[in-house]
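Examination of the molecular architecture
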Number of protein chains: 2
Amino acid sequence: MHAFAVPEFPEVRSDDSLADLVAERADLEDGDVVCVASTIVSKAEGRTASLADYPAGPRAREIAVRLADATGEQKDPRFAQAVLEESVDLLMEAPFLLTETPFGHVGVNAGIDRSNTGGAELLLLPERPSESAERIREGLDADVAVVVTDTSGRPFRHGQRGVALGWAGMPASRDWRGETDRDGHELEVTVESVVDELAATANLVSGEGDGGTPVVVVREFEFGDHEGSEALYREIDGDFVRQALRGWEYARN
Amino acid sequence: MHAFAVPEFPEVRSDDSLADLVAERADLEDGDVVCVASTIVSKAEGRTASLADYPAGPRAREIAVRLADATGEQKDPRFAQAVLEESVDLLMEAPFLLTETPFGHVGVNAGIDRSNTGGAELLLLPERPSESAERIREGLDADVAVVVTDTSGRPFRHGQRGVALGWAGMPASRDWRGETDRDGHELEVTVESVVDELAATANLVSGEGDGGTPVVVVREFEFGDHEGSEALYREIDGDFVRQALRGWEYARN
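The structure displayed is predicted, hence computed values, not measured ones.

Placing chain A over chain B gives an RMSD of 0.0 Å and needs a rotation angle of 180°, together with 0.0 Å of translation along the axis. Look at the turn and shift together and you get a two-fold axis relating the two. Considering only C-alpha atoms, the residue of chain A closest to the rotation axis is histidine 2 of chain A, which sits at 2.2 Å. Interface overlap between copies: 100% of the residues of chain A at the interface are likewise at the interface in chain B, consistent with a symmetric, same-surface contact.

Below, the structure is given as structure tokens:
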């Protein structure tokens, strides 16, 4: 398996065709996985905004006060309003806003970026990243898969790692159920989130800073002879950590 | 960046030298990252056990009853005892046992395996995976990094993905603090867990089943000119999800 960054990727602007920008710079082959940072998908889709677009309601003002209490820093209630409007569920209010986006991703601040925004105040996540991935895929000549990636923190472990937000042309996961180990026992590990692992691979290559390269091609990844699954985001019914977050309230020491 | 499985890796037995087994099968180069599945590290270190080694105490019997209530399946209290003895903290008792290992990893059943055990009933995680990584590294002629990997589930997202348990010859993370984006703004994302991303890459290549290849070499990974950090496992003080799990109790519908 190889992973390489698409070279000399330009600053992306609203209405740019990402498929064209990729095709002009990379000689894609059938079976490649094209990993595209969500930031440039958002820019191409015009998902920029200003704080002035989000006059704060009472809930956002209340959250901004709680956040300021928890962190000791002033928080702009309009930013809290933006996060609320980009979310369908609020898992934690303090010491940071952890929410679920309409497409199912759980992340801090609904994934709204204030750096790498191309000059705008706010860069929102793509509205439907799997549809974005499919559009890019359709614009490319080779028969590739496309993964829209982001970086995200997680409980229990420090640091961020690449994750998938959307995907097209391949399943989200491969399912090892019913397969056996070398001793003939059925495997305990049953579902492997390959799109997240591809996003992690891409993030190793792409970097984040001003030298960052937002498109990484993974070549010769073999999905293998497994069942696929399209489920990436858990429902709350099977997510016990998320259930525990319900009703929990952060108390500053 | 390339990733390839070390071919024809034999079944590993207690006291095998993993460094020798790798060196005989792969022509390593300076700068390679050698990702080694924790299962074979455990086998080489003789970390196998039997249920009979763990006569169940009252706490383990209580947990087995709760697990059986939650899942509707009988649970062996000796297995619960093994998990307790391999853990320093118990985060969730039902519907599954989520614990912290002595070296800081939070996972289900303290990472104790019942498949891929090489014939034993139980395969425990390596006691100190970063020390295991360092021993393997010292046994290899090239100047490589070594990552001991496992697969693990996570909240919010379905499926398992590769994670690092131990590492040597490189930092756990790279730190982008103070670096700027293309617009000159300081990056919000500050720490990237590269060892976890390397483990994810390895897992894409290695597979889990009887065709699984437990050692994957990642070549031409560039750490870049960043500060490194050795912290991988969060302390509970900064882990708000983990704090929420304290006092939470699973109630079956």
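Next comes the rest of the write-up.
This part takes up the domain arrangement of chain A. All names here are of chain A. What the domain assignment lists for chain A is domain 1 (1-47 + 129-253) and domain 2 (49-125). Put simply, the middle of domain 1 and the middle of domain 2, counted by C-alpha atoms, are 23 Å apart. Facing the 20 residues of domain 1 at the interface are 26 residues of domain 2. With both sides pooled, the region where domain 1 packs onto domain 2 buries about 1,900 Å², and carbon together with sulfur makes up 53% of that total. Put simply, glutamate 100 and arginine 242 hold a salt bridge, and the shortest N to O gap is 2.5 Å. Linking domain 1 to domain 2 there are six residue pairs in polar contact (both at pLDDT 80 or more). Mapped by element, the contributors of at least two residues to the side of domain 1 that touches domain 2 are helix H2 (38-44), strand S8 (145-152), strand S9 (161-168) and helix H7 (240-245). Broken down by element, the side of domain 1 that touches domain 2 gets its largest block of residues, four residues, from H2. Residues belonging to the side of domain 1 that touches domain 2 are distributed by class as follows: seven nonpolar, four polar and nine charged.

Quick look at the sheet that holds strand S13 (residues 227-229) of chain A now. Residues and elements named next belong to chain A. Here we have three strands laid out as an open sheet, ordered S11-S10-S13, and antiparallel in their pairing. Edge positions in the sheet fall to strand S11 (191-192) and S13, since each of these pairs with one other strand and no more. Sheet topology note: the strand S10 (residues 173-175)/S13 ladder contains three bridges and is antiparallel. Its bridge partner being in S13, serine 173 is matched across the sheet by serine 229.

A word on the layout of surface pockets. All names here are of chain B. When its volume is computed, the second largest pocket comes out at roughly 410 Å³. Forming the walls of the second largest pocket are 17 residues, and the residues nearest its centre are Glu73, Lys75, Phe79, Asn109 and Arg114. Of all elements in the fold, only helix H3 (58-71) and helix H4 (77-85) reach the threshold of two or more residues within the lining of the second largest pocket. It is H3 that contributes the most residues to the lining of the second largest pocket, three residues altogether. For the lining of the second largest pocket, the residue count by class is nine nonpolar, three polar and five charged.

This part is about the pairing of strand S2 (residues 33-37) of chain A. Regular strands show a simple pattern: their side chains alternate between the two faces of the sheet. All names here are of chain A. The buried fraction of S2 is high, at five of five residues. As judged from the five bridges shared by S2 and S8, these two strands associate in the parallel manner. Looking at the pairing, cysteine 35 lines up with valine 147 of S8. Across four bridges, the pairing between S2 and strand S12 (residues 215-219) is antiparallel. The residue of S12 that forms the bridge with valine 36 is valine 215.

Basis of the calculations
Residues numbered from 1 in each chain as written. Chains lettered and ligands numbered in written order. Predicted model: local features only at pLDDT ≥ 70, side-chain atom pairs only at ≥ 80, totals over all residues. Heavy atoms only, no water. Least-squares fit on C-alpha atoms with pLDDT ≥ 70 in both. Contact = heavy atoms within 4.5 Å. Domains from an automatic or database assignment. Buried area = accessible area lost by both parts, 1.4 Å probe. Salt bridge = Lys/Arg side-chain N within 4 Å of Asp/Glu carboxyl O. Polar contact = N/O pair within 3.5 Å; in protein donor to acceptor, adjacent residues only side chain to side chain. Helix = DSSP H or I, 4+ residues; strand = E, 2+ residues; numbered from the N terminus. Nonpolar A, V, L, I, M, F, W, Y, C, P; charged D, E, K, R; others polar. Pairing = 2+ DSSP bridges. 1 Å grid on protein atoms, 1.4 Å probe; cavity = no way out; pocket = protein on both sides within 12 Å on 5 of 7 lines; lining within 4 Å. Points joined across faces, edges and corners; volume = space filled by probe spheres on them. Buried < 20%, exposed > 50% of the residue type's maximum accessible area, 1.4 Å probe, protein only.

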